[in-house]
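Structural features, examined
Listed below, chain by chain, are the residues.
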Protein chains: 2
Amino acid sequence: MANQVEREIFESYVRRNGGRVTPERLRLFDEIFSQHGHIDADRLYRAIRQDRKISRATVYRNLELLVDCGLVRRQRLGQRRYLYEHVHPGQAHDHLVCRVCDRVVEFMSPAISALQREIARAHGFDPAEHTLKISGICVGCASETEVAATGPSHRRSALRSTLS
Amino acid sequence: MANQVEREIFESYVRRNGGRVTPERLRLFDEIFSQHGHIDADRLYRAIRQDRKISRATVYRNLELLVDCGLVRRQRLGQRRYLYEHVHPGQAHDHLVCRVCDRVVEFMSPAISALQREIARAHGFDPAEHTLKISGICVGCASETEVAATGPSHRRSALRSTLS
DNA sequence: CTGAATGCAAAGCGTTTGCATATTT
DNA sequence: AAATATGCAAACGCTTTGCATTCAG
């Protein structure tokens, strides 16, 4: 089975802290490790629901557990929801998010990572995690919008007149 | 008066889009431009409330306006609320956030900014804004917590046993 | 005078929590 | 048997929205 190492990390983390290895925990682990990109709590919930009874509360509680033991990263890439992704050790990456279509593109920049560490150290911070999100307009949306692009924002303006 | 330039940008942006310059809008503008660091919507609301009647809805609607015209930056630095800050042109900066005391420290890194632009371009993105948040433990909290630091997380674990 | 902005209260939305019940060890 | 985890539903916290009223131009 894949993810054997991570799975053992998870189980030992749970037991070491007096927790129990439940089927719900393992199922959530499998689900999030079978996903390639980012996924939100609700989609995890519905995916698991297809073959097993689980509640949203359990999904949230155990996502927290996975985040705490360092196997999962939780970030706000969109406006509202958190997005989760399993961590690939040694593959720190960041995100480009299209404000039109919400597509998320990953990129890696060792140079930026190094600068971040340096900055944290210079300020006496012990860095634990980071989020670097660049939002803008992706190629696809740029070409589709090029004519219509008059307004300054990607969403409805607060000014009434521009609603017309 | 300070912020004359920004104020004219604001007023002309509003009028250009068929909007109206209301006392509430000007008051919010003044409040956010009188603040030095980051502030959330509720604190702006209460600050303005001290000398003028205003509703939360108006605060939120007009914050959106200020964000749209590029004078204000809105970011999720904490867990729940958005934090707002007025933009200092040409002074792009990012944030270190302490996960214990929530203190926010700003830093500037032209090198990181340049790399970000390069990366966006390489991926065909037209970058509009970015968020770089490094969360960790600040010097002060590190020294206070050095003995107690056993758990992996800054907050209560999802494991029941660790609550004791 | 016209239509945009405000205030109020309610709705929305994702996330968290209290408590009774089920399950792991 | 003891204590943790789950499910349910309600609570939460912040933000957004519908609608009647007020106000800027």
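Read on for an overview of the structure. (Residues numbered from 1 in each chain as written. Chains lettered and ligands numbered in written order. Predicted model: local features only at pLDDT ≥ 70, side-chain atom pairs only at ≥ 80, totals over all residues. Heavy atoms only, no water.)

1. A short note on the protein's contact with DNA strand D
- Around DNA strand D there are 31 residues in total, and Arg20 and Thr58 of chain A together with Tyr60, Arg81 and Arg160 of chain B lie nearest to it.
- Each atom of DNA strand D within 4 Å of the protein was assigned to sugar, phosphate or base; sugar and phosphate come to 71%.
- Within the side chain of arginine 25 of chain A, one N or O atom sits 2.9 Å away from a phosphate oxygen of DNA strand D.
- Between lysine 53 of chain A and DNA strand D, the recorded distance is 3.0 Å, taken from a backbone N or O atom to a phosphate oxygen.
- For the surface near DNA strand D, the secondary structure elements donating two or more residues are helix H2 (23-34) and helix H4 (56-68) of chain A together with helix H4 (56-68) of chain B.
- Sort the elements by how many residues they give to the surface near DNA strand D and H4 of chain A lands first, with 4 residues. (Near = heavy atom within 4 Å. Polar contact = N/O pair within 3.5 Å; in protein donor to acceptor, adjacent residues only side chain to side chain. Helix = DSSP H or I, 4+ residues; strand = E, 2+ residues; numbered from the N terminus.)

2. Here we look at the protein's contact with DNA strand C
- Close contacts around DNA strand C come from 30 residues, with Arg20, Tyr60 and Tyr82 of chain A together with Arg20 and Thr58 of chain B the closest.
- Taking all atoms of DNA strand C within 4 Å of the protein, the share assigned to sugar and phosphate is 69%.
- Lysine 53 of chain B has a polar backbone atom sitting 3.1 Å from a phosphate oxygen of DNA strand C.
- A distance of 2.9 Å is found between a phosphate oxygen of DNA strand C and a backbone nitrogen or oxygen belonging to serine 55 of chain B.

3. Notes on the packing of aromatic side chains
- Applying the stated rule across the entire model yields 4 aromatic pairs over all chains.
- Measuring from centroid to centroid gives 5.7 Å for phenylalanine 10 of chain B and phenylalanine 29 of chain B, while their planes differ by 10 degrees, and the two rings are stacked. You can see phenylalanine 10 of chain B sitting in helix H1 (residues 4-16) and its partner phenylalanine 29 of chain B sitting in helix H2 (residues 23-34), a full 19 residues away along the chain. The pair formed by phenylalanine 10 of chain B and phenylalanine 29 of chain B is uniform in burial state, with each residue classed as buried.
- Among the aromatic residues, those joined into a ring-pair cluster are Phe10, Phe29 and Phe33 of chain A.
- The ring of tyrosine 82 of chain A has arginine 74 of chain A lying over it, and the distance from NZ or CZ to the ring centre is 3.7 Å. (Phe/Tyr/Trp six-rings, centres within 6.5 Å; stacked < 30°, edge-to-face > 60°. Buried < 20%, exposed > 50% of the residue type's maximum accessible area, 1.4 Å probe, protein only. Lys NZ or Arg CZ within 6 Å of the ring centre and 35° of its normal.)

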